[in-house]
Every structure is written in structure tokens, then in C-alpha cells.
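Examination of the molecular architecture
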Amino acid sequence: MCGIIGCTANHSVVQTVVDGLKRLEYRGYDSSGIALVSDGIKTIKAVGRVKALEQKVLGERATTAIGHTRWATHGIANEQNCHPHLSSGGDFAVVHNGIIENFAELKDFLLQRGFEFYSETDTEVIAKLIGYYYRGDTARAVVKATRRLVGSFALGIVRSGENKIYAIRRENPLIIGLGENFNMIASDMPAISHLTNKFVLPECDELVELCAESCNFYNTNLEPIKKTPQTVRVEQNTFDKGGYSHYMLKEIYEQPTAVDKTLRKYIVDGHISLPLKNYERLSIVACGSAFHAGLMAKYFIERVAGIPVDVELASEFRYRQIPSQNGRAVIAISQSGETADTISAINHAKAQGMDAYCIVNQKNSTLSRICTPLYTEAGVERAVATTKGFLTQVIVAYLIGLSHSMDKSLLYGIENFGRDLKTALNSTDLIQPLCSRFYTCPYVMFMGRGDDFPAAREGALKLKEISYICAEAYAAGELKHGSISLITPGVPVIVLANDPSTGSKTLGNIIEVRSRGGTVITFSSLSGYGLKEASDYFVPVPPSPLASLLSVAELQIFAYYIALAKGCDIDKPRNLAKSVTVE
Ligand code: G6P
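The model shown is predicted, which means the values in this text are computed figures rather than measured ones. (Residues numbered from 1 in each chain as written. Predicted model: local features only at pLDDT ≥ 70, side-chain atom pairs only at ≥ 80, totals over all residues. Heavy atoms only, no water.)

Quick notes on the domain arrangement of the chain
Many authors give the size of an interface as the accessible area that is lost as the parts come together. Condition: Segmentation into domains, and thus their bounds, comes from an automatic or database assignment.
What the domain assignment reports for the chain is domain 1 (3-231), domain 2 (239-415) and domain 3 (426-571). Each of domain 1 and domain 3 was reduced to a C-alpha centroid, and the two centroids are 46 Å apart.

Here it is as C-alpha cells:
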């Protein structure tokens, strides 16, 4: 993960780099650092959030600087391991997003030649290697060093005495922003889109050399290459919580608008229009909540359109032999469009000749550039735990199913989804008191059947992510195949029951749980099955053909108020990052 940024200008860039780091903080937030270039290199580092670094750089000035916000891969979050990392003698400083797989071998190579290391990171190896290859030409040293790297990287490199930034990438994202009397590098466009809308996207292993007034690109033989900048309008990041105590709560309540915007994008005059051809079979690849969106899509698309859908974790799909099959397309689902495994899964599918699409929120993200994008209109999502990103992903996936369905009445259900969602979000008054009752529980079990099963999985993931409570979801029918052994008196079991065809079966599961002393909290749109009477607590879900998805919104509220009661850092939960850019 991690975010990198750099700026070289004819004025001081320290605050620019710190501001950029704040915009990249979603990529990792355990520590951050900056390298300021003058006759020497000064590094300033801080453990914790970027605001801790901001305090430390007050009064500092430099016309060239690189910065980094870290999500620890190699070594704990302390100042030694925090980037930028230095070569021996401290002439070069390096910031890195990615993972160097052969770092141990390279470290041995350098140790044998007398180099000493102060950190546990793979990045320090890169800085030392550049120093090792330096014979008076920085560009050549960088190219020689990166030739020896195996793995993924986006690097920003500076050298003492040079008012320049060198940058190079392989697999990981890196963008170059061009301005008037300044030039920049960054992990993504939104980090610097408030300063420029002129960007160049370097290809793998192309070297970039930036100074305040010029930007040069070189191929791997260090021959100059010409690149044409693109002018891109990037949606501006909002740092405003809009009166809510957390971005997550704000984003939960933005869902009806996000859903309506997404629907209006694809439903014109009662007709669904999507840039997707007809296929006999679809493969969905995704990670985290986006994987759950894929599972919800599978149940729906297979039911309404009869198209077989396989859903796979991107991290598994990318290493699998995929039996070749004509008429099959792959669809990635991703809020950020930068998840490393999802990108690799798409590249793997494309290498097998499959058509590739992505349901993606971030415009101009890597995924949106390597496959045909079906954009969600969630807007900027800042809380690490996704809410509106997830819901709009499911909506776009449902539209794929509906566009192939004979049952046009479902279109009416989806068009009214925003209205039903508002009703569901009004359940806070019922849900919040439950949270004060259950926030001390060490374990919460979730279950559901059909569409309610992936919905329960998403609800459990939300709770786990932000409240650190152990939460697992089971298909209700699986209860008797093992998980019932976890039920002891007082264990809370959240039951989703929105499918009339399995209402009485789920009632049976509720009774089984209660017979063993479990406490049942049912979220349901069904009436007449005795579910409410059989449960300890009952939260109504608005009746809708998409009620399972509505219950996810209610479970987001449940997770939020549990985490609030526990005093957790809701928008930036420990150990997580919004965009997982390493495998
Ligand atoms: C991280 C985030 C999750 C997200 C997952 C996939 O784990 O914390 O909220 O669902 O990545 O991210 P993507 O951007 O590909 O949807």
C-alpha cells in the first residue's frame, strides 16, 4: 500500500507535499515522512497520522521534496522503518509504494560488500542499491538498480545537490503532474488535482526526470521518449464531514443520492444502457466488500437473467488456470480501481483473451484504464470501510442482470430503491439502542439464506473492520454443520430474513439458536412468518425486491454505532487501508 508524492518548484514545496500526503492517507496511515533537498538531504519522520508530521515540518523550506505515507509491510511502524530511506552516506532518498520480492537476496549482496542497514524495510535496499551503482549519473544508477528489482514498485528518488526528482514504476501506479514552474509525482491524480489537471502516466520501467521547468522521459536504455500530457478533470476530494461526526456516517446517509445518481447514469427513458456486450457466462473478480458485491450480483443475475456468474477472490483468480471458454467476460468490481490483486486478476483474464470490464468508482484509476469501465456514481468515499461504494457497485451489477431480464417489473423496484433506502436509514432510532446493549460482546454471528447470505457477510465484515469484534457470517442452512457449536447463552446472532420462499426455514434456524440460549436480532422485511415473535429483537426492513441490500444499509448503521460505543477510530480503523495496492 502506501502513498508517494514529490514536488520540485521554484518556491518552497514543503506544505504542498504534506497536503498531498493528507490526500493520500487513505493508502496507509501508520507513519509518514518527507525528504527535503538542499546541499544535503534532510529527512523528517513521524509515527502516526500525517498531522504529526505536519507539526514537525513547521518552518522548513525546500524547493524539492518527496514524501510518503506508510502502511507497514516490512517492519513495524517506527521512525527507522518509515520512508524516505537513505543510501549509505545519505546522498539519495527514496520513497516507495510496492513490495520488492527479492529484497533479502539483494540485502545479502549489499551486506557482503560492506553496506549497513538501519531498517527492516525492502525500500532501504533500493536506496543502498542506487548508491552502489552511482558513478556520477543518477538516472543511470536508478535504471541499473531497478533492473535488479523483482516485484512491484512506484519510486520517487532525490539526490542531494540536485533540484530534481527521479521517478519510475513497475505495476504500481505513478502519475506525473505538470504545472507552471512546478512538476510533481504522486500515487494518484486526486492527490494533486487541486494543483494541476495536466498529467502524464508513465509506462512500466520508463524513467522520469523532473525539475521545476521541465519533465523528461527515458526508456530502459535511457534514450529520450516523447510523452503527450493529457488534460483530465478530476473530481475534487472533499474533506468536509458535512456536520456528521465521521465520514462513514456521512457516507451512509449519502447512499440514496449516490444510488439515484448511479441509476440515472444508466437508466434513460425507462431503458437500461450499459457498455457491456452479451456473454454466455460472467466471471466477477474482486476483494473485500467488492467481493461481497460480486456475490450479491451472482444471486441476482442468475435469478433474473439466467446467465451463469462465477465470483472469485481476485487474489485466487490471478494465480489460477482458467479453462478457456468462448463467450465469457470478466468483470472486476472495485471502489478505488487500484487494488493490486484485482488489477492482476484482470491482466490475467485479458492474457487468456477474455473481454474485461470493471465496475469502478474512481475515474482515471488503473482499472478504468485497462478495461471498459462501468462507473458507479458514489462520489469520493473517505472512510476506510466502504458503504456507498459497496451499495452502488451492487446497483450497477443488478442493472447488468436487469438489462438481460424479461421481468421488467424489477426495473420499477430498482428505480424506487433510493426511496426505500431512505426509509431503511430511518431505522437508526431502533438500531442504536441495540448497539449499547451489544457493544461489549466478543463475538457476533450473522446468518441468512439466498441474497441474505452475501448481505450478512458484508454486515459481518463491516462490524469486524471498524469495531474489532469477531464477526462471521454463515449460510443459515449451514448452521447445523458446525457453527451451532459456537452458540452459548447470550451469543448474539444477527439473522437476515428477506426471502419469502425461505422465511419458514429461517424461522426454524432462529428457534434452534434460541433453544441454545443465543440472542437473536432479526432484520427482516417479511411479515406473517412469526419471525418477530420468535426473535429477541426485531428490526424491520422496508418491503422491496431488493430488501437484502436494504438490510446491508441497516447493518452499516449497526456496525457504526457499535464502533462508536467502543470508542474506535471509525474512519481509519487499525491496520487497514482504503486501497490495498500490494498483494
Ligand atoms: C480494502 C478496503 C475495503 C474494500 C477492499 C477492496 O480492504 O478496506 O473497504 O472493500 O479494499 O477495495 P476496492 O477499492 O477494490 O473496492
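Some words on the sheet that holds strand S27 (residues 537-540)
Sheet strands pair via backbone hydrogen bonds, and the direction of the pair is either parallel or antiparallel. Note the following rule: Any two strands are treated as partners once DSSP identifies two or more bridges connecting them. Helix and strand assignments follow DSSP, with helices taken as H or I runs no shorter than four residues and strands as E runs no shorter than two, numbered in order from the N terminus. Axes, fitted as lines to C-alpha atoms, cover a helix only where it is in contact. Angles between the N-to-C directions of the axes lie from 0 to 180 degrees.
Ordered in space as S24-S23-S25-S26-S27, the 5 strands form an open sheet in which the pairing is parallel. Looking at which strands have only one partner, the edges of the open sheet turn out to be strand S24 (470-475) and S27. Ignoring strand direction, the axes of neighbouring strands in this sheet form an average angle of 20 degrees. By the bridge criterion, 6 bridges tie strand S25 (residues 492-497) to strand S26 (residues 519-524) in an arrangement that is parallel.

Some points on the environment of Met296
Short version of the rule: By the convention used here, residues are in contact when the closest approach between their heavy atoms is within 4.5 Å.
Here Met296 lies in helix H8 (residues 288-305). Taking the C-alpha atoms as reference points, Met296 and Val311, 15 residues apart in sequence, are found 9.6 Å from one another. If sequence neighbours within four positions are ignored, Met296 has contacts with Phe390, Val394, Tyr398, Asp451, Pro454, Ala455, Ser548, Leu549 and Val552.

A few points about the site of the ligand
What counts, and what does not: Note on definitions. A residue lies near a molecule or strand when any single heavy atom of the residue is within 4 Å of it. We call two N or O atoms a polar contact when they sit within 3.5 Å, provided that within protein one can donate a hydrogen and the other can accept it, with sequence-adjacent residues counted only if both atoms are side-chain atoms. For the area figures, the Shrake-Rupley method with a 1.4 Å probe applies, and any residue is considered shielded solely by the protein chains shown. Note that Gly is not counted as nonpolar here; it falls among the polar residues with everything else outside the nonpolar set of Ala, Val, Leu, Ile, Met, Phe, Trp, Tyr, Cys and Pro and the charged set of Asp, Glu, Lys and Arg.
Inspection of the region around the ligand gives 15 residues, with Ser289, Ser334, Gln335, Ser336 and Thr339 positioned closest. One of the side-chain nitrogen or oxygen atoms of Thr339 is found 2.5 Å away from an oxygen atom of the ligand. When the free accessible area of the ligand is taken as 390 Å², the share hidden by the protein chains comes to 91%. If one sorts the elements of the shell around the ligand by residue count, H8 sits on top with 3 residues. Partitioning the shell around the ligand into residue classes produces 5 nonpolar, 8 polar and 2 charged.

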